[in-house]
Number of protein chains: 2
Amino acid sequence: MYGPGDVRVEERDDPKIVEPTDAILRISATCVCGSDLWAWRGINRLTEPTPFGHEYCGIVEEIGSEVTSIKVGEFVIGSFFASDNTCPHCRAGYQTSCQHRALMSGCQAEAVRVPLADGTLVATPEVPPKELIPSLLTLSDVAGTGWFAAAAANVQPGMTVAVVGDGAVGLLGVLAAAQLGAERILAMSRHEPRQKLAREYGATEIVTERGDEGVARIKDLTDGIGADAVLECVGTDESMTQAIRSTRPGGFVGFVGVPHGVNVPGELLFSSHVGLLGGPAPVRRFLPDLIDRVWTGKIDPGKVFDLTLPLEQIADGYRAMDDRRAIKAFVLP
Amino acid sequence: MYGPGDVRVEERDDPKIVEPTDAILRISATCVCGSDLWAWRGINRLTEPTPFGHEYCGIVEEIGSEVTSIKVGEFVIGSFFASDNTCPHCRAGYQTSCQHRALMSGCQAEAVRVPLADGTLVATPEVPPKELIPSLLTLSDVAGTGWFAAAAANVQPGMTVAVVGDGAVGLLGVLAAAQLGAERILAMSRHEPRQKLAREYGATEIVTERGDEGVARIKDLTDGIGADAVLECVGTDESMTQAIRSTRPGGFVGFVGVPHGVNVPGELLFSSHVGLLGGPAPVRRFLPDLIDRVWTGKIDPGKVFDLTLPLEQIADGYRAMDDRRAIKAFVLP
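Residues numbered from 1 in each chain as written. Chains lettered and ligands numbered in written order. Predicted model: local features only at pLDDT ≥ 70, side-chain atom pairs only at ≥ 80, totals over all residues.

(A) The overall build of chain A, seen in detail. In terms of helices and strands, chain A carries 12 helices and 16 strands. Taken over C-alpha atoms, the radius of gyration comes to 19 Å for chain A, in line with the 20 Å a tight globule of 333 residues would show. Viewed in the frame of its principal axes, chain A has a C-alpha envelope of about 60 × 40 × 35 Å. Taking all 333 residues of chain A together, 56% fall into the buried category. The long-range share in chain A, meaning contacts at least 24 apart out of those at least 6 apart in sequence, stands at 69%. (Helix = DSSP H or I, 4+ residues; strand = E, 2+ residues; numbered from the N terminus. Rg over C-alpha atoms; globule rule 2.2 N^0.38 Å. Buried ≥ 20, exposed ≤ 12 C-beta atoms within 10 Å, placed from the backbone. Contact = placed C-beta atoms within 7 Å.)

Rendered as structure tokens:
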């Protein structure tokens, strides 16, 4: 990424083992994240050309001398944050706050170095058939992030859940809520193809209104009470306020949209009795369970990919997502 | 309350039954709340002289025709918000968000009308001995509020808990955390008499630093991790920020200080992985349990009263609390 709207595919040196805890992966598939668009749009500024991409899965090509839990030749998936998985924050299930965390970058590539390989990577039972790769790739970030939104919002069987945001994370939040037993799932979306996928993933109702009208509609649909749990998957001040105001007293908003200009007024939070929990999703916590659900065919999060491109054309993926012509671009090195 | 610094005791008409769900109480004891001081200080503006006080306990003198759960002659305690205790919010344990809630006022008086008596009031097993009345009175607000702070912060046995604020609510938050099994309780206080009571209530360490230094001290005391749960019992932007920054990832801040100028930056909340839950404490949820704990001598929250005054001198109670000469004024009509 050279700057706003300027993504180039260049030849770079092969990654090498630097620390004895590293692994080198040959990337099977990668993708473009909604959060990558903040830089593409120039809202997040870059000071120099930067290797991009933090979602990855692939075959272990080489391991450092201290790596014990994965083997060369295995197919592995890891979180967008490398983590040791042994520090107090990791043990509490917040691996994205790991005391030794390292943000992954440069995964939109043919190969990548993964630090803290033992703590970060989880192998699948076997090298997967090609058709499972899109779903497995989503577990690196977007599906785990939707899952965390639902977990943080305390989704329980029988609940009514509202989902703010119809990007890939929001859609996979719908899937997570359904898997966690939600009885009603109110998906807030104005885009027909996304509404369709939301329904496939378990949404029982679609809410097209936004802002005050969106809140009023959620209240209408819940006898004036509000949703039991709300997933905030956008990250703007408006979406956060909408999420809080749509939640019943004692209910939780799970928020995973990277916040841009969000300020939560203390009075709103106090008077609404709504709880908040969120942040960068500790997808490492969910990886073993989600790999199993994909492997056994219980979930198919890979459906969020509606555009497939070779790595050389990845800039088209950024462009299509920015224009909302594509939900999410699947990229093959 | 006529205005800032101007509290007068006046003769007023006796309260009367208005609705068939009302009860009239002869007040046994009342008190001054930290939140009453916002008006005393002129920060909350009054447009006209207003009967004050929302903490009360007393003997039932009269009941409306539809009241069934309490009897004339019983000693009762109720929350600072009247509630029906049957609506969906009440059933979820958030009686201060009751669909029919009514904020109590004018309890700094000899008698008061309580709406929704069946939902609001809880009777003690018998008319209590005089020495139990201070502790029972605290259950109307301040002890229940400290309890909610601990419950909202998800205090569990074995946890390390920090308490921001050494007012009566903060001190009773210490008591609640100890009752809920906290192993270490870090009380943030600079006032010696309050530090002493905090220790009596179960604080294991006292932190005198504030702001950045207070956060650093909590981190030092927890091996750099942060407290498992933090009780925010002040309500300023500084205290809320301090509370969030003192909490470990995945931990909760239970906030009960009425917010004045609090704005929580989305970035702070997102990057810290700290959960927030708070609001006006649903003390009605805790009343039966807390009455039992007082009745059986397990807790003595009445120790927060360090000044006793007859109703005629209640203005001295406001003054002493505003000057921090008294923690909390106990007032006898």
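So much for the structure itself; the text now carries on.
(B) Inspection of helix α7 (residues 192-201) of chain A at higher detail. All names here are of chain A. Buried residues of α7: Arg 194, Leu 197, Ala 198 and Tyr 201, and no others. Projected down its long axis, α7 carries its buried residues within an arc of 105°, all on one side. Downstream of α7 by a residue or two, Gly 202 has a phi angle that is positive, lying close to 125°. (Arc of directions from axis to C-beta.)

(C) How the structure looks around the nonpolar core. If you look at the biggest cluster of nonpolar residues, it comprises 226 residues, and the most contacted ones within it are Val 161 and Val 163 of chain A together with Val 161 and Val 163 of chain B. Ignoring sequence-local partners within four residues, the contact set of Val 163 of chain A consists of Gly 170, Gly 173, Val 174, Ala 177, Ile 185, Ala 187, Met 188, Leu 231 and Cys 233 of chain A. (Core = buried A, V, L, I, M, F, W, Y, C linked by C-beta atoms within 7 Å.)

(D) Spotlight on the packing of helix α6 (residues 168-179) of chain A against α7 of chain A. Residue and element names in this part refer to chain A. Contact pair α6 / α7: the axes reach a minimum separation of 8 Å and the direction vectors enclose 15°. Accordingly, the angle class assigned to the pair α6 and α7 is roughly parallel. In the crossing of α6 with α7, the sense of the turn from one axis to the other is right-handed. Contacts from Leu 171, Val 174, Leu 175 and Ala 178 in α6 reach Arg 194, Leu 197, Ala 198 and Tyr 201 in α7. Each residue belonging to the contact of α6 with α7 can be placed in one class, and the counts come to 7 nonpolar, no polar and 1 charged. (Axes fitted to C-alpha atoms, helices over the stretch in contact; angles between N-to-C directions. Parallel < 35°, antiparallel > 145°, perpendicular 65-115°, else oblique. Left-handed = near helix turned anticlockwise from the far one by under 90°. Nonpolar A, V, L, I, M, F, W, Y, C, P; charged D, E, K, R; others polar.)

(E) Inspection of the pairing of strand β12 (residues 247-255) of chain A at higher detail. All names here are of chain A. Most of β12 is tucked away: 9 of the 9 residues are buried. Where strand β11 (residues 227-232) lies against β12, 5 bridges are found, and the strand directions are parallel. The partner of Val 230 across the bridge, within β12, is Val 253. For the crossover from β11 across helix α9 (residues 237-245) to β12, the handedness is right-handed. The pairing of β12 with strand β14 (residues 275-278) spans 4 bridges and is parallel. Bridge assignment links Phe 252 to a residue of β14, and that residue is Gly 275. (Pairing = 2+ DSSP bridges. Right-handed = clockwise from strand over helix to strand, strands pointing away.)

(F) Quick peek at the interface of chain A and chain B. On the side of chain B, 27 residues touch chain A, which itself brings 27 residues to the contact. Put simply, the parts of the chain that give the side of chain A that touches chain B at least two residues each are α2 (88-91), β12, β13 (263-265), α10 (266-272) and β14 of chain A. One ladder, built from 3 bridges, connects β13 of chain A with strand β13 (residues 263-265) of chain B; its direction is antiparallel. Each bridged residue has a counterpart across the sheet, and for Pro 265 of chain A the counterpart in β13 of chain B is Asn 263 of chain B.

(G) Quick look at the environment of Cys 33 of chain A. Residue and element names in this part refer to chain A. Topologically, Cys 33 is positioned in the loop between β1 (23-31) and α1 (37-40). With 26 C-beta atoms counted inside 10 Å, the residue Cys 33 sits in the buried group. Measuring from C-alpha to C-alpha, the distance between Cys 33 and Ala 168 comes to 8.8 Å, with 135 residues separating the pair along the chain. In this structure, Cys 33 is in contact with His 54, Glu 55, Asp 141 and Val 142, ignoring residues within four places of it in sequence.

(H) Region of interest: the domain arrangement of chain A. All names here are of chain A. Segmenting chain A into domains produces domain 1 (23-141 + 282-332) and domain 2 (145-278). Computed over C-alpha atoms only, the centres of domain 1 and domain 2 are separated by 25 Å. The partner domain 2 presents 15 residues to the 16 residues of domain 1 that form the contact. In terms of residue count, the dominant contributor to the side of domain 1 that touches domain 2 is helix α11 (residues 283-295) (3 residues). Its residues assigned to classes, the side of domain 1 that touches domain 2 comprises 9 nonpolar, 3 polar and 4 charged. (Domains from an automatic or database assignment.)

(I) Expanded view of the relation of the copies chain A and chain B. Screw-axis analysis of chain A against chain B gives a translation of 0.0 Å along the axis, an RMSD of 0.0 Å, and a rotation angle of 180°. The relationship between the two copies is best expressed as a two-fold rotation axis. Residue by residue, 100% of the interface of chain A is reproduced at the interface of chain B, so both copies engage with the same surface. (Least-squares fit on C-alpha atoms with pLDDT ≥ 70 in both.)

(J) How the structure looks around the pairing of strand β16 (residues 329-332) of chain B. Residue and element names in this part refer to chain B. Where strand β1 (residues 23-31) meets β16, 2 bridges bridge the pair, whose relative direction is antiparallel. Considered in β16, the bridge of Cys 31 is made with Phe 330. Pairing geometry for strand β15 (residues 307-310) and β16, over 4 bridges, is parallel. Opposite Leu 307, over in β16, you have Ala 329 as the bridge partner. Running through helix α12 (residues 314-322), the crossover from β15 to the neighbouring parallel element β16 is right-handed.

(K) Local environment of the confidence of the model for chain A. Across chain A, the average pLDDT comes to 97, with 100% of residues at 70 or higher. Here the predicted complex carries an ipTM of 0.95, next to a pTM of 0.96. (pLDDT = per-residue confidence, 0-100.)

(L) Fine view of the environment of Ala 151 of chain B. Residues and elements named next belong to chain B. Its location among the elements puts Ala 151 in helix α5 (residues 142-152). Ala 151 sits in the buried class, given 23 other C-beta atoms within 10 Å. Along the sequence, Ala 151 and Leu 277 sit 126 residues apart, while their C-alpha atoms lie 9.3 Å from each other.

(M) Structural view of the environment of Gly 279 of chain A. Position of Gly 279 of chain A among the secondary structure elements: in the loop between β14 and α11. By the C-beta count within 10 Å, which is 24 here, Gly 279 of chain A ends up buried. Counting along the chain gives 20 residues from Gly 279 of chain A to Pro 259 of chain A, while the straight-line C-alpha distance between them is 9.0 Å. The residues touching Gly 279 of chain A, leaving out its near neighbours within four places in the chain, are Thr 96 of chain A together with Phe 270, Ser 271 and His 273 of chain B.

(N) Summary view of unusual backbone geometry. Residue and element names in this part refer to chain A. Not every positive phi belongs to a glycine, and Asn 154 is a case in point at roughly 60°. Along the chain, the position of Asn 154 falls in the loop between α5 (142-152) and β8 (160-164). Owing to 18 C-beta atoms within 10 Å, Asn 154 belongs among the partly exposed residues under this scheme.

(O) Structural context of the packing of α5 of chain A against α11 of chain A. Residues and elements named next belong to chain A. The geometry of α5 relative to α11 is characterised by a closest axis approach of 9 Å and an angle of 105° between their N-to-C directions. With respect to α11, the axis of α5 lies roughly perpendicular. Two secondary-structure elements touch here, α5 through Ala 143, Gly 144, Thr 145, Trp 147 and Phe 148 and α11 through Val 283, Phe 286, Leu 287 and Leu 290. When the residues that make up the contact of α5 with α11 are grouped by side-chain class, the tally is 7 nonpolar, 2 polar and no charged.

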